[in-house]
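Letter by letter, the chains look like this.
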Amino acid sequence: MVQPVVSPVSIPPLPVVVARSRAGKRLSIVAPCYNEQEVLDLFFGRIEDELAQLGVDYEIVCVNDGSRDHTLAVLLRHHQRNPKIKVINLARNFGKETALSAGLDAVIGDMIVPIDVDLQDPPELIGQFITAWENGADVAYGVRIDRSSDTALKRFTAQGFYKAFNRLSDVDLPYNAGDYRLMDKRVVDVLRQLPERNRFMKGLFAWVGFRQEAVPYARPERAAGSSSWRYWKLWNFALDGITSFSTAPIRVWSYVGVVAGVLAALAALFLVLRTLLEGNKVPGYPSLMVVILTGFAIQMLAIGSLGEYVARIYQEVKGRPLYVVMDRYGFDATPGADA
Ligand code: UDP
Ligand code: MG
């Protein structure tokens, strides 16, 4: 099955790209919020200033992800002040990925920007995102040029994760890109159609394809409050990512079985020869070892063949579309045609 692959480097604009204009378009900001009461006033101050200068109509869809503080009250106060600020209140904490999906399902804009409310995603970048969009990019994603605000351990583990992910899966995650990006409406429409429940958004963003362009930026420290990500949570996040996009961990066992089988055969040969030449010094040892080693190899092969089927079931169950059409040329008014 051929899946679209996104290159981690930015794709140069194609000559056929239709120049777009922001005039009359609407920008949707999606902001998941979990225990963010301290930072929200700052966030709205900065982002509304920025949006006022961009020359587009906008909405800010805030998703309260089951916060335990006064986040909802603060959000509603801002909604009263500015009706372009809309609030979705989730029934409990579902996690950032799900909160983001809830927001993406609700937006009505032509361009959509998911953003963290802690101001680690500088709102000043949105102008550059829109310019990239006008020049033909369907996705303009922020890439951190330095991760000095992260600890050495976090940088090291992040690097390891990107390496492992890109090795194991069909899609390539661009290094140091987060969720902060601008997406054209048609990209978000594809994301909405993905029925899978385990939503590793970074991976899905890369999976959809389209013309993606990197916009470098320096990532500042969190403006206030504290990060809710701990190492255990990050580890689970990494596992979610790899298991959503790779079946290598369950398929590897057939290969382990083949290697174990070859080694078992060699060991058996060695033991038999040694017993013939030197006699059986420890009764039972050669026969036991041969049985254990070949038994192990057979089990690994059996688990591996189960893995092949389970991997296929898993791919079917995810129900991702087979392909995503970006443009159609020469068709009559067909849904999805480039107008
Ligand atoms: N967030 C959320 N639900 C959660 C955890 C986080 O909606 O369960 C939001 C949070 O309010 C913030 C964004 O996700 O807007 C990023 O969270 P955080 O700053 O804690 O993560 P980090 O920047 O450390 O990766
Ligand atoms: Mg943060």
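Everything numeric here is computed off the predicted structure, so don't read it as measured data.

A.B. asks: Looking at this model, I keep getting lost on the coordination of the magnesium ion (ligand 2). Mind explaining?
C.D. replies: In a perfect tetrahedron of four donors around a metal, the angles come out at 109.5 degrees. In a perfect octahedron of six, they are 90 or 180 degrees. Donor atoms from the polypeptide that coordinate the magnesium ion (ligand 2) comprise Asp118 (OD) and Gln120 (OE1), at 1.9 to 2.0 Å from the metal. A relative accessible area of 14% places Gln120 in the buried class.

A.B. asks: Could you clarify how one ought to interpret the packing of aromatic side chains in this entry?
C.D. replies: Aromatic ring pairs are reported here in terms of the distance separating the ring centres and the angle at which the planes meet. Scanning all chains against the criterion turns up 11 aromatic pairs. Ring centres 6.1 Å apart and planes at 75° place the aromatic pair Phe161 and Phe200 in the edge-to-face group. One end of the pair, Phe161, is in helix H5 (residues 152–168); the other, Phe200, is in the loop between helix H6 (185–193) and helix H7 (201–207), and 39 residues separate them in sequence. Aromatic rings pair up to connect Phe161, Tyr162, Phe165, Tyr175, Phe200, Phe237 and Phe245 into one cluster. Lying across the ring of Tyr58, Lys84 places its NZ or CZ 4.8 Å from the centre. In this structure, Arg320 packs its charged tip against the face of Phe245, placed 4.2 Å from the ring centre.

A.B. asks: Explain the packing of helix H1 (residues 40–52) against helix H2 (residues 71–81) here, please?
C.D. replies: Axes are the key here: two packed helices are described by the angle between their axes and the distance separating the axes. Packing of H1 against H2 brings their axes to within 10 Å, and their N-to-C directions diverge by 30°. When you trace H1 past H2, the crossing you get is right-handed. Mapping the contact onto sequence places Leu40, Asp41, Phe44 and Glu48 in H1 and Thr71, Val74, Leu75, Arg77, His78 and Arg81 in H2. Of the residues contributing to the contact of H1 with H2, the split by class is 4 nonpolar, 2 polar and 4 charged.

A.B. asks: In this structure, what is going on with the environment of Gln80? I would like to understand it.
C.D. replies: Relative to the helices and strands, Gln80 is located in helix H2. We classify Gln80 as exposed; its relative accessible area is 70%.

Conventions and cut-offs
- Residues numbered from 1 in each chain as written.
- Chains lettered and ligands numbered in written order.
- Predicted model: local features only at pLDDT ≥ 70, side-chain atom pairs only at ≥ 80, totals over all residues.
- Heavy atoms only, no water.
- Donors = N, O, S within 2.8 Å, 3.2 Å for Na, K, Ca; no water.
- Buried < 20%, exposed > 50% of the residue type's maximum accessible area, 1.4 Å probe, protein only.
- Phe/Tyr/Trp six-rings, centres within 6.5 Å; stacked < 30°, edge-to-face > 60°.
- Helix = DSSP H or I, 4+ residues; strand = E, 2+ residues; numbered from the N terminus.
- Lys NZ or Arg CZ within 6 Å of the ring centre and 35° of its normal.
- Axes fitted to C-alpha atoms, helices over the stretch in contact; angles between N-to-C directions.
- Left-handed = near helix turned anticlockwise from the far one by under 90°.
- Contact = heavy atoms within 4.5 Å.
- Nonpolar A, V, L, I, M, F, W, Y, C, P; charged D, E, K, R; others polar.

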